[in-house]
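If you want the building blocks of each chain, they are given just below.
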Amino acid sequence: MRAVVTGGAGFLGSHLCDRLTAEGWDVLALDNLVTGVDSNVSHLMKNPKFRILRADVSNYMDVPGPVDYVLHFASPASPVDYLKMPIPTLKVGALGTHNALGLARAKNAKFFLASTSECYGDPEVSPQNEEYWGHVNPIGPRGVYDEAKRFAEAMTMAYHRYHNVDTRIVRIFNTYGPRMRLNDGRALPNFVFQALSGMPLTVYGDGKQTRSFCYVLDLIEGIYRLMMSDEHLPTNIGNPQEITLLDFAERIRKHFDNPPPIVFKPLPQDDPKRRCPDITKAKRILKWEPKVGLEEGLKLTLDYFRKTFSKK
Ligand code: UDP
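Remember, predicted model here, so these are calculated numbers, not experimental data.

**Q** Hey, could you run me through the sheet that holds strand β11 (residues 235–237) in this one?
**A** Think of a sheet as strands paired side by side through backbone hydrogen bonds, with each pair either parallel or antiparallel. Sheet architecture is open: seven strands sit in the order β3-β2-β1-β4-β5-β6-β11, paired in parallel fashion. Either end of the sheet is taken by a strand with one partner, and the two such strands are β3 (50–54) and β11. The mean angle between the axes of side-by-side strands here comes to 20°, regardless of whether they run parallel or antiparallel. As paired strands, strand β6 (residues 167–172) and β11 are joined by three bridges and run parallel to one another.

**Q** Got a minute to help me understand unusual backbone geometry in this structure?
**A** What is expected of a backbone is that most residues other than glycine have negative phi and most peptide bonds are trans. A cis geometry characterises the amide bond from S126 onward to P127, with omega recorded as -5°. Along the polypeptide, P127 turns up in the loop between β5 (110–116) and α4 (143–163). In this structure, N164 is a non-glycine residue whose phi angle is positive, near 55°. Relative to the helices and strands, N164 resides in the loop between α4 and β6. With a phi angle near 65°, D270 is a residue other than glycine that sits in the positive phi range. Position of D270 among the secondary structure elements: in the loop between β13 (262–265) and α8 (280–286). A residue is classified by how much of its surface remains accessible, and D270, at 30% relative accessible area, is partly exposed.

What counts, and where the lines are drawn
Per chain, the residues get numbers from 1 upward, laid out in the order the sequence is written. Note on the predicted model: pLDDT of at least 70 is required for a residue's local features to be given, and 80 or more for side-chain atom pairs to be given and counted; whole-chain, interface and lining totals, by contrast, use all residues. As a rule here, side-chain values come from all non-hydrogen atoms in the structure, and water together with hydrogens is ignored. Pairing between two strands requires that DSSP report at least two bridges joining them. Here a helix means four or more residues in a row that DSSP labels H or I, a strand means two or more in a row labelled E, and each is numbered from the N terminus. Note on definitions: angles span 0 to 180 degrees between N-to-C directions of axes, and those axes are lines fitted to C-alpha atoms, for helices only across the stretch in contact. The buried label goes to any residue with under 20% of its type's maximum accessible area, the exposed label to any with over 50%, and the partly exposed label to all in between, with areas taken from a 1.4 Å probe on protein chains only.

Structure representation (structure tokens):
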């Protein structure tokens with residue numbers, strides 16, 4: 001079996017490539033390295049089942065040979081990144097999804113879309129289940145990501161309904177773990193970078209907004225199960241353990257010998273106030289739920305970041 005993974009050198013894409021090769025798949029990763037890095041997959045380079053090509057999937061893509069699964073994971077995914085690259089973010093979610101679906105259709109392959117909890121926007125209900133249509137500001141700074149992913153879901157369902165492509169859609173909630181970029185601007189890498197540099201942790205707003213953080217290998221397990229299932233409608237994968245950002249910063253600072261102070265900074269525009277997945281569906285159809293608690297996941301992630309930081 002052969003899979004094409006777009007965004008294969010990214011945080012999630014590279015963990016997915018690990019899992020697929022471990023399961024015996026041949027993997028072709030495509031990445032333009034705007035947010036991905038070669039070092040995320042350097043350990044796979046000697047594996048004959050793995051290849052990576054530098055390619056921008058927002059442009060037409062031609063992949064020689066048979067393909068059984070196309071998994072579209074390419075996109076900037078940190079608010080700071082997609083604010084820096086609004087047009088590439090829109091393009092990869094829209095044109096990139098269209099191209100990846102076209103490839104799946106041409107190869108008679110299955111298609112898997114990495115979608116996002118951002119489809120729910122700043123939600124008016126919590127926890128969010130898959131029936132909720134969301135509360136998104138289309139023209140706000142986050143709209144470039146949210147609307148591209150909503151379009152990607154619509155396009156995926158259209159290919160499923162009108163071209164009979166065998167598709168899956170996962171809505172990924174906040175995920176953390178090794179291979180996040182220390183400078184990607186998200187809460188966890190920011191806090192860790194700040195703590196390692198002896199700087200105060202920057203909590204935005206009053207810190208009462210919530211997120212629910214899933215350890216990356218739990219997420220990949222859920223994704224692999226969804227890939228192997230026959231569910232076409234969107235499925236939430238995430239950890240329902242909800243925590244305020246202030247508590248999250250506290251949890252991180254306690255891992256350091258000289259716990260840094262916390263300072264408050266303005267809340268970015270349209271920052272969701274709550275985010276927590278309802279994973280009833282994943283539990284029911286995939287028999288999946290996260291196993292790694294926040295403390296254990298933080299330890300594993302901090303080990304990785306300490307090593308990365310000391311190499312700089
Ligand atoms: N955040 C924060 N300090 C930071 C970075 C982020 O308080 O240095 C907050 C941010 O405002 C948001 C939450 O942490 O409420 C999660 O932000 P992140 O960028 O990790 O991802 P998001 O869930 O917003 O996509």
